[in-house]
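An overview of the molecular structure
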Amino acid sequence: MLNSDAPVSPQTFRRQRMTIPLHQGLDTLASSAESAHLEVARWHPGGDTTGVPLVLMHDSLGSIALWRDFPERLCRKTGREVIAYDRLGFGQSSAHPGQLPHSFVTDEAHQGFAAVHQALGLEGFILVGHSVGGAMAAAIAARYRDCHGLITMAAQAFVEPRTLTGIGEARDAFARPGQMERLEKYHGAKARWVLDAWVDTWLDPDFRGWTLDDRLAQITCPVLVLHGDQDEYGSEAQPRRYAELPAGPCQMQILKECGHVPHREQPDRVVEIITSFVNESR
């Protein structure tokens, strides 16, 4: 068992960036202007690692860069490799060719993540997903038997009024002068697509009935559910779905005085909670 009180020495830490092609059958998702690829970053603790790697799944506006120092914190504290990737259409990955289908959450399990899983030769992993990345992580955990654990932060399991209100307010905020430049810093020319993919999909009346219940019921690995009591995009009914529906052991923690981004708002606490959980996992 790894001692969570013995962080990795800074001298042994290293980071690696790479790009991987989308495997055969997924290239149709890529922009016709370039070969399809996904940007991947890996944080290595150095020396002998203990346990399977952690794979991060970003949110609707996210990217590798927007995880900021969270992957490094996890790597140093857990002594495990941490992997993050930009989904198709985000960050430094290839542009997405069109609109997101309403099946985009569950599609990631056999599209982008499948390419990462194959290219890196993963033989066991623990997923850490934020917001819609948490929902995608749950869909992956339901599909892959080599998933050793699922950690969600502020993840959605269904569409509720608070979700729609929060997205509508964010859409209005991005309409103000200078706000799109915030997204362009991380997504470049893809920034408008990133914002529209989020807003247009979730606010589409035909998406109101979306739910992840069927996938959650298929999860058998240990689950850790983190949710802020002040989350502007989801009530506590969201984490309860993640904690109650899976077949495997589940833990839920409601973080006090915390909003939608726990790993940024309460990084030390979140890293401690995750470290304790992964040390108990297979």
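Refer to the preceding data block for the structure.
Residues numbered from 1 in each chain as written. Predicted model: local features only at pLDDT ≥ 70, side-chain atom pairs only at ≥ 80, totals over all residues. Heavy atoms only, no water.

Examining the overall build of the chain
- Regarding its fold elements, the chain presents 11 helices and eight strands.
- Here the C-alpha atoms of the chain give a radius of gyration of 18 Å, agreeing with the 19 Å that 2.2 N^0.38 yields for 282 residues.
- Taking the principal axes of the C-alpha coordinates as reference, the chain spans close to 50 × 40 × 35 Å.
- Within the chain, the fraction of its 282 residues that count as buried is 60%.
- Pairs at least 24 residues apart make up 78% of the contacts formed inside the chain by residues separated by at least 6 positions.
- Of the side chains in the chain, 27 bear a positive and 35 a negative charge, and the two mean positions are spaced by 2 Å. (Helix = DSSP H or I, 4+ residues; strand = E, 2+ residues; numbered from the N terminus. Rg over C-alpha atoms; globule rule 2.2 N^0.38 Å. Buried < 20%, exposed > 50% of the residue type's maximum accessible area, 1.4 Å probe, protein only. Contact = heavy atoms within 4.5 Å. Lys, Arg positive; Asp, Glu negative; His and termini not counted. Charge placed at Lys NZ, Arg CZ, Asp CG, Glu CD.)

Focus: unusual backbone geometry
- Even without a glycine there, the phi angle at Ser 131 is positive, about 60°.
- Considering the arrangement of structural elements, one finds Ser 131 in the loop between strand E5 (125–130) and helix H4 (132–143).
- A relative accessible area of 6% places Ser 131 in the buried class.
- Not every positive phi belongs to a glycine, and Ala 154 is a case in point at roughly 55°.
- Summarising the element assignment, Ala 154 is placed in the loop between strand E6 (147–153) and helix H5 (161–174).
- When its relative accessible area of 1% is taken as the criterion, Ala 154 is described as buried.

A short note on the side chain of Thr 163
- Tracing the sequence through the fold places Thr 163 in helix H5.
- The contacts of Thr 163, once residues within four sequence positions are left out, are Phe 158, Trp 202, Tyr 233 and Gln 238.

A short note on H4
- The end-to-end C-alpha distance of H4, which contains 12 residues, comes to 17 Å, matching closely the 16 Å that a straight helix rising 1.5 Å per residue would cover.
- The buried fraction of H4 amounts to 11 of the 12 residues, a majority that puts the element mostly inside the structure.
- Taken as a whole, H4 has its buried residues at Val 132, Gly 133, Gly 134, Ala 135, Met 136, Ala 137, Ala 138, Ala 139, Ile 140, Ala 141 and Ala 142. (Expected span 1.5 Å × (residues − 1).)

Digging into the sheet that holds strand E1 (residues 14–21)
- The sheet built from eight strands is open, its strands ordered E1-E2-E4-E3-E5-E6-E7-E8 with mixed pairing. Only two strands of the sheet have a single partner each, and these edge strands are E1 and strand E8 (250–255). In this sheet, adjacent strand axes meet at a mean angle of 20° when their direction is disregarded.
- Direction of pairing for E6 relative to strand E7 (residues 223–228): parallel, over a ladder of four bridges. Bridge pairing links Thr 152 to Val 225 in E7.
- Against the sheet, helix H1 (residues 70–78) makes contact with strand E2 (37–44), strand E3 (54–57), strand E4 (82–85), E5 and E6, and its axis sits at roughly 160° relative to E3, the strand it touches most. (Pairing = 2+ DSSP bridges. Axes fitted to C-alpha atoms, helices over the stretch in contact; angles between N-to-C directions.)

Some thoughts on the packing of helix H6 (residues 180–187) against helix H7 (residues 191–202)
- Where H6 contacts H7, the axes come no closer than 8 Å and their chain directions differ by 110°. When the axis of H6 is compared with that of H7, the two are roughly perpendicular. The chirality of how H6 crosses H7 is right-handed. Of the residues in H7, those in contact with Met 180, Leu 183, Glu 184 and His 187 of H6 are Ala 191, Arg 192, Val 194 and Leu 195.
- Of the residues that constitute the contact of H6 with H7, the class distribution is five nonpolar, one polar and two charged. (Parallel < 35°, antiparallel > 145°, perpendicular 65-115°, else oblique. Left-handed = near helix turned anticlockwise from the far one by under 90°. Nonpolar A, V, L, I, M, F, W, Y, C, P; charged D, E, K, R; others polar.)

Overview of the nonpolar core
- Core analysis: the largest hydrophobic core is formed by 64 residues, its most contacted members being Phe 125, Leu 127, Leu 150, Trp 198, Trp 202, Ile 219 and Tyr 242.
- In this structure Leu 127 touches Val 55, Met 57, Phe 113, Ala 137, Ile 140, Ala 141, Cys 147, Gly 149, Leu 150 and Ile 151, once residues within four positions along its chain are discounted.
- Ala 41, Leu 54, Ile 64 and Phe 70 belong to the second largest nonpolar core, which has 26 residues in total. (Core = buried A, V, L, I, M, F, W, Y, C linked by side-chain atoms within 4.5 Å.)

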